[in-house]
Structures are given as C-alpha cells and as structure tokens.
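So you can see what is in the structure, the chains are spelled out below.
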Amino acid sequence: MKNYIDDLNKAFESRIRLGIMSILMVNDSVDFNTFKELLNITDGNLASHAAALEKLEFILIRKQFVGKKPNTTYAITKKGRKAFGEHLDGLEKLLKKRE
Amino acid sequence: MNQQEKQLETLTEIRSLMERSSRFISLSGLSGIFAGIFALLGATAVAVNYGFTFDSMFYYGKAELETGEANLSFYIFFGIIALSMVVASLTFGYYFTSKKAKKNDLAVWDSSAKRLLINLFIPLVTGGLFCAILIYHELLPLVVPSTLIFYGLALLNASKYTLNDIRFLGICEIILGLASAIFVKYGLLCWTIGFGLLHIIYGTAMYYKYER
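Worth saying up front: this structure is predicted, and the values here are computed from it rather than measured.

Peer 1: Just to check I follow, could you spell out the overall build of chain B for this structure?
Peer 2: Of the regular secondary structure elements, chain B holds eight helices and zero strands. Secondary structure elements in chain B, listed N-terminal to C-terminal, are α-α-α-α-α-α-α-α. Overall size of chain B, expressed as C-alpha extent along the three principal axes, is 85 × 25 × 25 Å. Looking at chain B as a whole, 41% of its 212 residues are labelled buried. When contacts within chain B are restricted to residue pairs at least 6 apart in sequence, those whose partners lie at least 24 apart make up 74%. Total accessible area on chain B stands at roughly 12000 Å², and carbon and sulfur atoms take up 69% of it. Positive and negative side-chain charges of chain B, numbering 16 and 14 respectively, have mean locations separated by a distance of 9 Å.

Below is the structure:
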C-alpha cells in the first residue's frame, strides 16, 4: 500500500505558506498589501514565509519602487505550481482513502 | 480535532483563498433587485410623461418638433431619467454590496473589486460612447438595442472576476438586445424587460443562493 503522506510537501505545512501558494495559483501577480489583507498576518511573518518559499524556488519576489514607496510583488514559478499541485492531489487522495 | 478534519479544513481554506483572491464575491443580489426596480420606475416615468404604448416608434417620434427641429426637452427628459437611474442603481448597489462585504468580514475595495470594475467599465463606457454617436447621427431606434448589447457584453466580461452566475444574465441581455434591434418597434419594451425584469429575477436568485 502506498503511503500518501509521502506526497505531502513539508514546505507547505504552515497555514501561511499554504495561503501564499493558494493565492498565487490563481493570480498572475499579487502585492504585499493584498497578501496581508487576505491572510491577515503581520509584515514580518509574511516576509519570512515568502523568503522561505523563494529559497525553494516556488515563488518569485520582485521588489520595485512606486515613487518613493517600495512595492513588492509575488508570482508563482513553474516549479512551485507543480509542487503545490502535487501537494493538493496528495491531500485529496488522503481524504478519499479515509472516507 | 482529528487528522482528517484538519486536512478537510485545510482544503476548504485553500479553496476560499483562491476564490477570494481572484473573484469579487461580495456583489449583493439586492443590488440587482434595486437596479431592476429603478429601471421599471424609469420606464413608468416615460409612460406617464408621453402616454403609454408598446410602440417605441411613437416615443422616438417625439424627438423631433413639427418644424423638423430637434426637440430639446425630449433629450433633456431622457437624459435626466437615464442619469438618475444609473446614479440610484450604483448608490444602492454600492450600499448593499458593502453591507454584504462587512457581514462576511471582507474588504469592499480591494484588488478584486478594482479588477471587476475595470473589466465591467471598458465595454460599458464603449457602449455609452457608441450610443452618444448613434444619437449624434439621429439613429434613435438603435440606441436601446445598443445599451442592452453592450451591457450584456460588459457583464459577460465581468463574470470572470465575480460570481460566475452573472454570465447568464449577460447572455440574456445580449439576446434581448439583438432581438430588439430587429424588432425596433418593441425596443423600449425589451429594454424594460432587460434592465427591469431580468435584474429583479437575477437579483432574487442570487439573494436566495448566496445570502440567506
């Protein structure tokens, strides 16, 4: 019997990382403030989780300036899309098996 | 909480985040109902002012004075009616929508709202300008079908950024608009059905589906 838990990616265990990936799956590019609003988290919390996902090459972080204000936008990478898709499939299989 | 419940909750949360971040879901059905009511009031005002008939050509005939000159009061009357309907519908629409957003603890004005409005207004403003051009060329009978067609196309375009159900309303408006372009005699009747009746039906359906 296959152990479906192997399909679950450890990188997505935290609620915030799951949130970041979910939002980026359906949006081309999302800015910092939109994330904060949707996920209801603090600046530091968001920045550290985003940095971790960037390190895994699951997301791209782009820093720009709009006038004098810094503006950070995020986008998902091909690798991130694939990994998160597999993670979702894993969750689904796990649930189906237990029904 | 056991493992399964936790995973189910995770999936629910993922789904909700995907939906909330890509679509504006606070659009209230009551907005639609009120827009429909204002359209019916507008049509009533026209019937009261000029007398009631199903024949739209009768009303279009009022646009010209017996001397052959343009009847300014006709254009002012219809302009005021149209403007007050738009303002009233948007005001009430905003009110009910912000109320729904507050109830669901969501922001009214976020990137999904912005995206929805931009995609709604591009075809809508195009239609408005096109209608102004039709009036400029004195092609009055085609104005009413054009409002329906462009409004339908605007809704169809906006449906990608809000509750998908609005797509169906858009398609109905387009069909009605095309029909009223063939049967121009019944243009105003089609307009009243499209902006009045269909809005009320759609709004009621949405209200029962999502807000009760």
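Still more to cover.
Peer 1: Quick question: what am I supposed to make of the sheet that holds strand S3 (residues 69-76) of chain A here?
Peer 2: Think of a sheet as strands paired side by side through backbone hydrogen bonds, with each pair either parallel or antiparallel. Residues and elements named next belong to chain A. With antiparallel pairing, the three strands of this open sheet are ordered in space as S1-S3-S2. Because the sheet does not close on itself, it has two edges, and the strands there are strand S1 (30-31) and strand S2 (59-66). Pairing analysis gives eight bridges linking S2 to S3, with the strands arranged antiparallel. Looking at the pairing, Phe-65 lines up with Pro-70 of S3.

Peer 1: What should I look at first to understand a nonpolar patch on the surface in this one?
Peer 2: Residue and element names in this part refer to chain B. A grouping of Phe-52, Phe-54, Ile-182, Phe-183, Tyr-186, Leu-189, Ile-193, Leu-197 and Ile-201 is seen on the molecular surface, where their side chains present a nonpolar patch of about 920 Å² in accessible area. It is helix H8 (residues 187-210) that provides the largest number of residues to the nonpolar patch, a total of four residues. With respect to the helices, strands and loops of the structure, Leu-189 is situated in helix H8.

Peer 1: So what exactly am I meant to see when it comes to the packing of helix H1 (residues 15-26) of chain A against helix H1 (residues 3-22) of chain B here?
Peer 2: How two helices pack is summed up by the angle between their axes together with the distance between the axes. The N-to-C vectors of H1 of chain A and H1 of chain B enclose an angle of 45°; their axes lie 8 Å apart at closest approach. Viewed along their axes, H1 of chain A and H1 of chain B adopt a mutual orientation that is oblique. Classified by chirality, the crossing of H1 of chain B by H1 of chain A is right-handed. Counting all contacts with H1 of chain A, which are made through Arg-15, Leu-18, Gly-19, Ser-22, Ile-23, Met-25 and Val-26 of chain A, the residues of H1 of chain B involved are Thr-10, Glu-13, Ile-14, Leu-17, Met-18, Ser-21 and Ser-22 of chain B. A per-class count over the contact of H1 of chain A with H1 of chain B returns seven nonpolar, five polar and two charged.

Peer 1: What is the right way to read the confidence of the model for chain A from this model?
Peer 2: Low-pLDDT stretches of the model should not have their predicted coordinates read in fine detail. On average, chain A scores 86 in pLDDT, and the residues at 70 or more come to 91%. Taken element by element, the predicted model of chain A shows its lowest mean pLDDT in helix H4 (residues 78-98) of chain A (86) and its highest in helix H3 (residues 43-55) of chain A (92).

Peer 1: Looking at this model, I keep getting lost on the interface of chain A and chain B. Mind explaining?
Peer 2: It is common to give the size of an interface as the accessible area that goes away when the parts come together. Each side of the interface is counted separately: chain A has 20 residues, and chain B has 17 residues. Summed over both partners, the interface of chain A with chain B comes to about 1600 Å²; 67% of that surface belongs to carbon and sulfur atoms. Across the salt bridge formed by Arg-15 of chain A and Glu-13 of chain B, the nearest N and O atoms sit 2.9 Å from each other. Counting across the chain A and chain B interface gives four residue pairs in polar contact (both at pLDDT 80 or more). Listed by contribution, the elements that provide at least two residues to the side of chain A that touches chain B are H1, helix H2 (32-39) and H4 of chain A.

Peer 1: Can you walk me through the packing of aromatic side chains in this structure?
Peer 2: Any two aromatic rings considered together are summarised by their centre-to-centre distance and by the angle between their planes. Residues and elements named next belong to chain B. All told, the structure shown has 22 aromatic pairs over all chains when counted by the stated rule. Relative to Phe-74, the ring of Tyr-50 has its centre 6.1 Å away and its plane inclined at 55°; by these criteria the two rings are tilted. With Tyr-50 in helix H2 (residues 29-50) and Phe-74 in helix H4 (residues 72-103), the pair connects residues that are 24 residues apart, well separated along the chain. With a relative accessible area of 5%, Phe-74 lands in the buried category. Seen in terms of ring centroids, Tyr-50 and Phe-77 are 5.5 Å apart; in terms of plane orientation they differ by 80°. Their pairing is edge-to-face.

Peer 1: Would you mind going over the packing of helix H7 (residues 166-182) of chain B against H8 of chain B with me for this structure?
Peer 2: All names here are of chain B. It is at 9 Å that the axes of H7 and H8 come closest, and there the two elements cross at 170°. By the angle class used here, H7 and H8 are roughly antiparallel. Along the contact surface, H7 presents Ile-166, Leu-169, Cys-172, Glu-173, Leu-176 and Ser-180, while H8 presents Gly-187, Cys-190, Ile-193, Gly-194, Phe-195, Leu-198, His-199 and Tyr-202. When its residues are assigned to classes, the contact of H7 with H8 shows nine nonpolar, four polar and one charged.

Peer 1: Is there a simple way to explain the confidence of the model for chain B in this structure?
Peer 2: Looking at chain B as a whole, the pLDDT averages 93, with 100% of positions reaching at least 70. Reported for the predicted complex are a pTM of 0.81 and an ipTM of 0.77.

Peer 1: Before we go on, may I ask you to explain the environment of Tyr-136 of chain B in this structure?
Peer 2: Residues and elements named next belong to chain B. Along the chain, the position of Tyr-136 falls in helix H5 (residues 111-136). A relative accessible area of 67% means that Tyr-136 is categorised as exposed. In this structure, the C-alpha to C-alpha distance between Tyr-136 and Tyr-75, residues 61 residues apart in sequence, is 12 Å.

What counts, and at which threshold
- Residues numbered from 1 in each chain as written.
- Chains lettered and ligands numbered in written order.
- Predicted model: local features only at pLDDT ≥ 70, side-chain atom pairs only at ≥ 80, totals over all residues.
- Heavy atoms only, no water.
- Helix = DSSP H or I, 4+ residues; strand = E, 2+ residues; numbered from the N terminus.
- Buried < 20%, exposed > 50% of the residue type's maximum accessible area, 1.4 Å probe, protein only.
- Contact = heavy atoms within 4.5 Å.
- Areas by Shrake-Rupley, 256 points an atom, 1.4 Å probe, with all protein chains shown as cover.
- Lys, Arg positive; Asp, Glu negative; His and termini not counted.
- Charge placed at Lys NZ, Arg CZ, Asp CG, Glu CD.
- Pairing = 2+ DSSP bridges.
- Patch = residues over 30% accessible without salt bridge, like charges linked within 9 Å, V, L, I, M, F, W, Y side chains within 5 Å.
- Salt bridge = Lys/Arg side-chain N within 4 Å of Asp/Glu carboxyl O.
- Axes fitted to C-alpha atoms, helices over the stretch in contact; angles between N-to-C directions.
- Parallel < 35°, antiparallel > 145°, perpendicular 65-115°, else oblique.
- Left-handed = near helix turned anticlockwise from the far one by under 90°.
- Nonpolar A, V, L, I, M, F, W, Y, C, P; charged D, E, K, R; others polar.
- pLDDT = per-residue confidence, 0-100.
- Buried area = accessible area lost by both parts, 1.4 Å probe.
- Polar contact = N/O pair within 3.5 Å; in protein donor to acceptor, adjacent residues only side chain to side chain.
- Phe/Tyr/Trp six-rings, centres within 6.5 Å; stacked < 30°, edge-to-face > 60°.

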